[in-house]
Amino acid sequence: MKLTGRYAGLLLLVLSILVAASSLALAQIGPDIPREETLIVDILTGRNPNPRRFNAWAPGTTLDAGIQQLMLDTLWCVEYAQGEILNVVAAAPPMYNDDYTQMTVKLREGLYWSDGVAFTADDLVFTVETLKANPGMNYQAEFDMFVKEVYKTDDYTVVFELKEPNSRFHTYFLNRWGACRIMPKHIWENVDNPMAFDFYPPVSLGQYVLKDVDPGGYWFLWEKREDWERTAVGQLYGEPKPRYVLFHFYGPPERKVIAQSRHELDMCDLTMESLQASWENPGFRTYRKEYPWIVNIDPCITGITFNALVEPFDNKDVRWALALAMDIVDVMALSFDGAGVMGALLVPPTPVYLDWYYEPMEEWLREFTLDIEVDGAPFKPYDPGAAKRLADYAAGRGYDVPDDPAKQREIFGYGWWKYAPEVAAQLLERNGFSRDKDGGWLLPDGTPWKITITSHPNPAHPAYKNSFAIAQQWRRFGIEVEVVTTEQYNTLATYGQFEVSSVWPAYEPWGGHPDMYRTLRMWDSDLHRPVGEVTYGHQGRWSHPDLDVIIDKLEKIGFDDPELIPLAIEGLKITTAEMPSIATFGYPGFVGWDETYWTNYPGAENPYQQPYQHWPNFKFMLPFLEPAGNK
Amino acid sequence: MPFLKRYLLPRIVQYLVVIFIGGTLVFIIPRLMPVDPVQQTLQRITIQGAFLDPRAIEQIRETLLELYGLKGSLMEQYFALWHRLLRGDFGPSYVQFPTPVMTLIKISLPWTVGLLVTTTVLSWTVGNILGGIAAYYSHRRWAQLMENVAMVIRPIPYYIIALALLLLLAYAVPIFPVTGGFSIGRSFVLSWGLVLDILKHAFLPALSLAIVGTATWFMTMRLLVSNLLAEDYIVYAQIAGVQDGEILYNYAIRNAMLPQVTGLTLSLGQIFGGALITETVFSYPGLGTLLYSSINSGDYNLMMGITLLSVVAIATGVLIMDLIYPFLDPRIRYE
Amino acid sequence: MFKVLTSLLRQDKRFLFGFIVMVILLAGGALAGFSPHDPRLWSVVPRDLPPSSKYWLGTNSMGQDVFWQALWAIRNSLVMAVIAVVSSRIIAVAAGLLAGYRGGLIDRVLMTVTDSFVILPLLPILILITSIFKSRLSVTSLGILLGIFGWAWDARVIRSQVLSLREREFTYTAILSGMSTGRIIFREYMPFIFPLITATAMNNMLWAIGMEVTLAVLGLVSLEVPTLGTMIHWAVNSQAMLLGIWWWILTPVVLCVFIFLALYLLSLSINQFLDPRVRVQRLQEIKG
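Criteria and thresholds
- Residues numbered from 1 in each chain as written.
- Chains lettered and ligands numbered in written order.
- Predicted model: local features only at pLDDT ≥ 70, side-chain atom pairs only at ≥ 80, totals over all residues.
- Helix = DSSP H or I, 4+ residues; strand = E, 2+ residues; numbered from the N terminus.
- Buried ≥ 20, exposed ≤ 12 C-beta atoms within 10 Å, placed from the backbone.
- Rg over C-alpha atoms; globule rule 2.2 N^0.38 Å.
- Contact = placed C-beta atoms within 7 Å.
- Nonpolar A, V, L, I, M, F, W, Y, C, P; charged D, E, K, R; others polar.
- pLDDT = per-residue confidence, 0-100.
- Pairing = 2+ DSSP bridges.
- Core = buried A, V, L, I, M, F, W, Y, C linked by C-beta atoms within 7 Å.
- Axes fitted to C-alpha atoms, helices over the stretch in contact; angles between N-to-C directions.
- Parallel < 35°, antiparallel > 145°, perpendicular 65-115°, else oblique.
- Left-handed = near helix turned anticlockwise from the far one by under 90°.
- Domains from an automatic or database assignment.
- Expected span 1.5 Å × (residues − 1).

Trainee: Tell me about the overall build of chain B, and name the residues and values.
Mentor: The secondary structure content of chain B amounts to 13 helices and zero strands. Helices and strands appear in chain B in the N-to-C order α-α-α-α-α-α-α-α-α-α-α-α-α. In terms of principal-axis extent, the alpha carbons of chain B reach across some 85 × 60 × 40 Å. In chain B, buried positions account for 51% of the 335 residues.

Trainee: Go over the overall build of chain A, please, and point to the residues and values.
Mentor: Within chain A, the secondary structure is distributed over 20 helices and 27 strands. The C-alpha atoms of chain A give 26 Å as radius of gyration, which agrees with the globular expectation for 631 residues (25 Å, within 12%). Principal axes of the C-alpha set define a box for chain A whose edges measure 85 × 75 × 55 Å. The buried share among the 631 residues of chain A stands at 57%. For chain A, contacts bridging at least 24 residues in sequence account for 70% of all contacts bridging at least 6.

Trainee: So, the interface of chain A and chain C: which residues are in play, and what are the values?
Mentor: Taken together, the contact between chain A and chain C spans 21 residues of the former and 17 residues of the latter. Looking at the side of chain A that touches chain C, the elements with two or more residues in it are helix H7 (253-261), helix H8 (272-276), helix H15 (462-477) and strand E22 (480-485) of chain A. For the side of chain A that touches chain C, the element with the highest residue contribution is E22(A), accounting for four residues. Class assignment of the residues belonging to the side of chain A that touches chain C gives a composition of eight nonpolar, eight polar and five charged.

Trainee: Lay out the interface of chain B and chain A in plain terms, naming residues and giving numbers.
Mentor: With 70 residues of chain B in contact, the opposing surface of chain A contributes 70 residues. Those elements giving two or more residues to the side of chain B that touches chain A turn out to be helix H2 (37-48), helix H3 (54-68), helix H5 (101-136), helix H7 (158-172), helix H8 (192-229), helix H10 (244-270) and helix H12 (287-297) of chain B. In terms of residue count, H3(B) provides more of the side of chain B that touches chain A than any other element does, eleven residues in total. Class assignment for the residues of the side of chain B that touches chain A results in 40 nonpolar, 22 polar and eight charged.

Trainee: Describe in detail the confidence of the model for chain B, supporting the description with residues and values.
Mentor: Residues and elements named next belong to chain B. Here chain B averages 84 in pLDDT, and 93% of its residues register 70 or above. No element of chain B has a lower mean pLDDT than H2, at 74, and none a higher one than H5, at 92. In the predicted assembly, ipTM is 0.88 and pTM is 0.90.

Trainee: If you had to explain the sheet that holds strand E8 (residues 174-175) of chain A to someone new, which residues and values would you point to?
Mentor: Residues and elements named next belong to chain A. Read from one edge to the other, the open sheet built from three strands follows the order E3-E2-E8, with strand pairing classed as mixed. In this open sheet, the two edge strands, each paired with only one partner strand, are strand E3 (84-87) and E8. Taken together, the two bridges between strand E2 (residues 76-79) and E8 define a ladder with parallel strand orientation. Bridge pairing in E8 links Cys 77 to Asn 175.

Trainee: Tell me about the nonpolar core, and name the residues and values.
Mentor: In terms of nonpolar packing, the biggest core is built from 385 residues, with A:Met342, B:Tyr159, C:Ala208 and C:Ile232 touching the most fellow members. When residues in this core are grouped by element, the largest group, 18 residues, is from helix H3 (residues 66-102) of chain C. Apart from the residues within four sequence positions on either side, C:Ile232 is in contact with B:Pro157, B:Tyr159, B:Ile160, C:Val213, C:Ala216, C:Val217 and C:Pro252.

Trainee: Which residues make up the pairing of strand E5 (residues 102-106) of chain A, and what are the values?
Mentor: Residue and element names in this part refer to chain A. Residues Met 103 and Val 105 line the buried face of E5, whereas the alternating positions Gln 102, Thr 104 and Lys 106 sit on a face that is not buried. In this sheet, E5 lies alongside strand E4 (residues 95-96) in antiparallel orientation, the contact comprising two bridges. In the strand pairing of E5, Tyr 96 is matched with Met 103. The turn linking E4 back onto E5 is made up of five residues, and Tyr 100 within it adopts a positive phi angle of 55°. In this structure, E5 lies alongside strand E7 (residues 157-162), joined through five bridges in antiparallel fashion. The residue bridging Lys 106 from the neighbouring strand is Thr 157, located in E7.

Trainee: Lay out the packing of H7(B) against H8(B) with the relevant residues and their values.
Mentor: Two packed helices can be described by the angle between their axes and the distance between those axes. Residue and element names in this part refer to chain B. Between H7 and H8, the least distance of the axes is 10 Å, while the angle of their chain directions is 140°. Judged by the inter-axis angle, H7 sits oblique to H8. Classified by chirality, the crossing of H8 by H7 is right-handed. Contact residues: H7 offers Tyr 158, Ile 161, Ala 162, Leu 165, Leu 166, Leu 169 and Ala 170, while H8 offers Leu 204, Leu 207, Ser 208, Ile 211 and Val 212.

Trainee: Requested: an account of the packing of helix H10 (residues 228-237) of chain C against helix H12 (residues 246-274) of chain C, with residues and values cited.
Mentor: Residue and element names in this part refer to chain C. It is the contact of H10 with H12, at a shortest axis distance of 8 Å, that shows an interaxial angle of 155°. Taken together, the axes of H10 and H12 are roughly antiparallel relative to one another. For the pair H10 and H12, the crossing hand works out as left-handed. The segment H10 lies against H12, with Leu 228, Met 231, Ile 232, Ala 235 and Val 236 engaging Trp 248, Ile 249, Thr 251, Pro 252, Leu 255 and Cys 256. Within the contact of H10 with H12, the residues separate by chemical class into ten nonpolar, one polar and no charged.

Trainee: Run through the sheet that holds E4(A), naming residues and quoting values.
Mentor: All names here are of chain A. Taken together, the four strands give an open sheet; going across it, the order is E4-E5-E7-E6, and neighbouring strands pair in antiparallel fashion. Strand pairing shows two members of the sheet lacking a second neighbour, E4 and strand E6 (147-154), which therefore form its edges. Packing of helix H3 (residues 121-133) onto the sheet brings it into contact with E6 and E7, and relative to E6 it is tilted by some 165°.

Trainee: An account of the domain arrangement of chain A is needed here, citing residue identities and associated values.
Mentor: Often, the extent of an interface is quoted as the loss of accessible area on bringing the components together. Residue and element names in this part refer to chain A. Once the domains are mapped, chain A shows domain 1 (5-53 + 206-287 + 590-627), domain 2 (76-188) and domain 3 (301-586). When each unit is reduced to the centre of its C-alpha atoms, the spacing between domain 1 and domain 2 is 32 Å. A class-by-class count of the residues in the side of domain 1 that touches domain 2 yields six nonpolar, five polar and three charged.

Trainee: Explain the environment of A:Gly592 residue by residue, including any values.
Mentor: Residues and elements named next belong to chain A. Within the secondary structure, Gly 592 is located in strand E25 (residues 590-594). Overall, the presence of 26 C-beta atoms within 10 Å leaves Gly 592 in the buried class. For the pair Gly 592 and Val 500, spaced 92 residues apart in sequence, the C-alpha separation works out to 32 Å. What Gly 592 contacts, discounting residues up to four positions off in sequence, is Lys 256, Gln 260, Cys 268, Leu 270, Leu 275, Ser 278, Phe 284 and Thr 286.

Trainee: Go over the environment of C:Trp42 with me, naming the residues and quoting the values.
Mentor: With respect to the helices and strands, C:Trp42 occurs in the loop between helix H2 (13-31) and H3. Under the C-beta neighbour-count criterion, C:Trp42 is labelled buried, with 23 such atoms within 10 Å. It is 5.8 Å that separates the C-alpha atoms of C:Trp42 and C:Gln64, two residues lying 22 residues apart in sequence. In this view, C:Trp42 contacts A:Leu334, A:Gln472, C:Met62, C:Gly63 and C:Gln64; residues no more than four positions away in its chain are not counted.

Trainee: Which residues make up H3(C), and what values go with them?
Mentor: With 37 residues, H3(C) should cover 54 Å at 1.5 Å per step; its first-to-last C-alpha distance of 52 Å lies within 8% of that length. Looking one or two places after H3(C), you find C:Gly103, whose phi comes out positive at around 65°.

Trainee: Go over the confidence of the model for chain A with me, naming the residues and quoting the values.
Mentor: All names here are of chain A. On average, residues of chain A carry a pLDDT of 91, and 96% of them reach 70 or more. The low-confidence segment residues 1-6 (pLDDT under 50) makes eight contacts with residues lying over four places distant or belonging to another chain. Segment residues 21-26 is flagged for pLDDT under 50; beyond a separation of four residues in sequence, or across chains, it makes seven contacts in the model.

Trainee: I'd like a description of unusual backbone geometry, backed by residues and values.
Mentor: All names here are of chain A. Backbone torsion omega between Tyr 200 and Pro 201 reads -5°, so that peptide bond is classified as cis. Relative to the elements of secondary structure, Pro 201 occurs in the loop between helix H5 (185-188) and strand E9 (208-213). With an omega of -5°, the peptide bond running from Glu 311 to Pro 312 counts as cis. Among the secondary structure elements, Pro 312 is positioned in the loop between strand E14 (301-306) and helix H9 (316-324). Of note, Tyr 139 is a non-glycine position whose phi angle comes to about 70°, a positive value. Along the chain, the position of Tyr 139 falls in the loop between H3 and helix H4 (140-146). According to the C-beta neighbour criterion, Tyr 139 is buried, with 24 such atoms within 10 Å. Its identity is not glycine, yet Trp 293 carries a phi of approximately 65°, on the positive side. Trp 293 sits in the buried class, given 23 other C-beta atoms within 10 Å.

Here it is as structure tokens:
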């Protein structure tokens, strides 16, 4: 009997050695796929539970495992590293008539689907008509609302007749992490139920075609088309270098560090901590080769949203007091060890937006006053020295930081609000707030003030760390704060069931175009709903009559009108003075690249392209990568 | 037959009632969540779509409510659910609309069952054998060593064990793959190579589960057997000179098996909920992550499908156990 | 009582070890109240320092003293687990005894309820329930929640033990000699059931602590309240393992092990002490 146990143990041991021995060949990818010809990138949105579904026109299909990067193209695409709009499948920018009721699109010639059928205006017309006729499919509601008629005038020209004037109708086809993609008519015209159709195996309009999928939904392997030049990217930039592109979901950041240490992952998003853990990985590099390492061109801004329909956040003084009770340097130190670009406006502080908005508004910001007096003079909340303070913090942590103030502004941003808890206290006290004997803040009715911050549950998301860092500020100021991380943050925000949330403080602008309509429109008062109802505007439920006027004006001018920027500046002045949300810093992208097999990534020293693998623009990067020569 | 009438029939009725209650609970609880499935879908569209006109969103909302079958009152939805379930239809997934929930489950189920059945049975067998032996020879040094090892491993949170194994065997000494079910680019055709490949990929997740499982079964079995060893009949047997092996096997382990077999049936039933932490740590395909993402996205039908599968599996396990109980323990009588 | 304790401490090394560890853990938990720092505040000490004479267990990446965080974690996790265990034991023992001894309709109804809880997949249900509340569950309410969902299987185990005891000779003897139900249960059955209660209580305590860790790993508990789970959450997500901040991740793991060891050894000794077959012998020793 004694022996049985030993045998079992022995058996287990032998079995494990056997299995281990069979796996000495390390590579994660199979023998038929040469590693040096393969680019392996991470999937942002996780495991795909339905890996053989490529219907990009039904809601819910995973798009960032190759569909939007390699397979389907849109008419135009936002390029935010350079601040421009690229004509992808379209041959030229959209042409509107004078009252914006008709849009004409010129298409590129010589494009072919991966099954050899030519791409023509019929595909676009078919796509719009199919989507319009099938409720539940993406863009059905929009096309139903705006498209009176769509027809081609020749094989490469399509005309949209609109039901009502719309100066921004073309943005439904403008790719900014997604837009209406074009379907191959010759496949879809035979489909009875477009919603249920899986589109597998998919037909591609891009330079790559699907080769293999993981039945478990973790990876997708794409292969370069032999006729890669008969695509939009081929015409624009030429041949892509990798023969294979593998999209692979690795999971939480530590898995990516491990994968990169084994050279099984070339491009991924990390977190501050996992980036620090990656330095020992040979070939590892970050966007910026020196501190603060991060991507500074990501067109999103992080921060805090107040629910303007919930007391006491309906009071502008309270919102300002909470902003002044925050030390931006400490917030950024706690959340990302100072790595970030601070932004006081509700606009992402990327280089192009710094030029478009921060630069022209800086004079105004410096002179801007709150209607409260400190030492007998109106209080000026703007602190142009905040960037320097952050630089000093970073230097104190032992990081290499340039001394030149201009360089510091470029790295850390232009400035932020002063850390002025005493002014914050004044603002609160004049609204009836008081302190108890321990310094804790009491609401005007005398009860202790407790703030709940609703936040993102994923530790890799900037909102997560940011909300804890901000909670620290307010706690130190004497307010009781609880951070609730929940997957339901978005639903709660849309229904207005929150006080303070770390969802995006403002809607993201286009990224590569100065138009701020996309952002400001969300504060339009006619989109507002009471708490408990779904809002279609910004979740903060704040609006202002003066801003409504500006939104109306913006709506009536075109995408390239010279009035765009001056009007948006007027709008931003209102959102600054009213402080509906507190902007903190630009989205810090912690990209990690492995240069063992591929080089010439679009890093800070040569930002020819946006740097992410999950953006549709990824395809424009592939012709510029260089094999490193390692086998 | 009195057994049939007095025991079996009521027991089967109870089985059905329990499933009905379980099904009702898993219908109600998700609907108390603040999550709104349509909103979650809209969020995905907003992330993916360049620009949605707010008025259009209102219209999409209505369409989706209609398509998802969420327009009626809660009672109507509830009856529609049982109506559908009785025909064996779990309905469409919301996130992957209109892909049937069944299709999604079928994609993930084989991975979960393969991994968890193997590790559960393996760790149960090894744990029980070692536990029984360790209890019987409790004064030997090796038995005490085994017990000490199990005592230390048992309380370590599973997440930490899994993560430590991954760091140790895929990072520090990289002999096992980081993630996935099998090698990339390998054609998924049944062959010896594929089986080995799948085993290789399943090894780390299986090892982590087996370590924790074995330690748990070991501890329980050791306790059970050492309690039994003090029973009169075993003492008599020892005095009567019955051989060690025979006492251990025929008297101690067999009697201690009863609760262990019950535990095994329960564990096997619980497999159908998936192993969320294992799947997350090792990026292994399975029902656990599918269920978790369905909870987060408010995909009621998918959530229902997986939890009901689990409910029925556990209930069936418990039922089978109850029915064979009298054959295992003659001391139990059914009145 | 005191006599029993001293004799156990003197005679049983396992009890001695378990007792000392438990006393240290409890004292630690009680000491947490004297922490010089608010456990929710960051940047109160320098970051990422290894253990030293000043910071006994080092400091973490948020600038907190791991030692004081650990004391808070012991306190909160133990309170949570004890609430879960006590509440679930009460339900489990009551339901198990009643169903097993009374049988009939009561048994059927109770077992239907029990089975309805047994078959629920617990992790998803707990994830669902923790998501229902807009603010986070406190340590107490999490304990109660785990108690509500942690009793069913053990009630079944206790019931089947009672079923088996009821068929034994001594039960018939006891009934025939006119013993009351209460006396039969407490005098005759308890020695058999008590080891079951302690064993299931131990498993349940581990389950509760483990479940809290799982929920914390998923970010579903109040992350700024230090518990063993939230310590692990922060340490893992700050890559303590990869960055070599071992004192941060190891502390909660070692604490888990010690909590278990103390409970396990104590329960072993107590069961042995209560075992009717050795009790007489032992009582004689104490008297002598």
